[in-house]
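Below, each chain spelled out in residue letters.
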Amino acid sequence: MVFETRDVSEFNAHLRGLRAGKESFDGELARIDTFCGRLSHPTVYRLSLFVPYPVGDPDRERLDDGSCGGPG
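My aim in this report is to walk through the structure given alongside it, one point at a time.

What follows concerns the pattern of salt bridges. Within the structure shown, the criterion is met by two salt bridges. Residue aspartate 33 is joined to arginine 31 by a salt bridge in which the shortest nitrogen-to-oxygen separation is 3.0 Å. Classification of aspartate 33 by relative accessible area gives buried; the value is 15%. On the accessibility criterion, arginine 31 (42% relative accessible area) is partly exposed.

If you look at the biggest cluster of nonpolar residues, it comprises five residues: Phe3, Phe11, Leu15, Tyr45 and Leu47. Sorting the residues of this core by element identifies helix 1 (8–20) and strand 3 (44–49) as the ones contributing at least two each. Residues within four places of tyrosine 45 in sequence aside, it is in contact with Phe3, Glu4, Thr5, Arg6, Asp7, Val8, Phe11, Asp33 and Thr34.

Bringing the environment of arginine 6 into the picture now. Topologically, arginine 6 is positioned in the loop between strand 1 (3–5) and helix 1. Spatially, the C-alpha atom of arginine 6 lies 9.6 Å from that of threonine 34, the residues being 28 residues apart in sequence. Look past the residues within four positions of arginine 6 in its chain and what remains in contact with it is Pro42, Thr43, Val44 and Tyr45.

Parameters and conventions
Residues numbered from 1 in each chain as written. Predicted model: local features only at pLDDT ≥ 70, side-chain atom pairs only at ≥ 80, totals over all residues. Heavy atoms only, no water. Salt bridge = Lys/Arg side-chain N within 4 Å of Asp/Glu carboxyl O. Buried < 20%, exposed > 50% of the residue type's maximum accessible area, 1.4 Å probe, protein only. Core = buried A, V, L, I, M, F, W, Y, C linked by side-chain atoms within 4.5 Å. Helix = DSSP H or I, 4+ residues; strand = E, 2+ residues; numbered from the N terminus. Contact = heavy atoms within 4.5 Å.

Shown next, in the form of structure tokens:
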């Protein structure tokens, strides 16, 4: 998770800042979640970024060879 707020305007401003910033921002790696509020739980907006496994990481190698129990 990179950023979380209850204010949609603040969330949108944060996204605009990332897109316009000097650091690179890869929107393909971004995940935006909206957790809808109910009664005592307010709505929350969350920005997360997928982080790829580094080369040589044993978990990545297990996923690449199909031995993690998934198809492959």
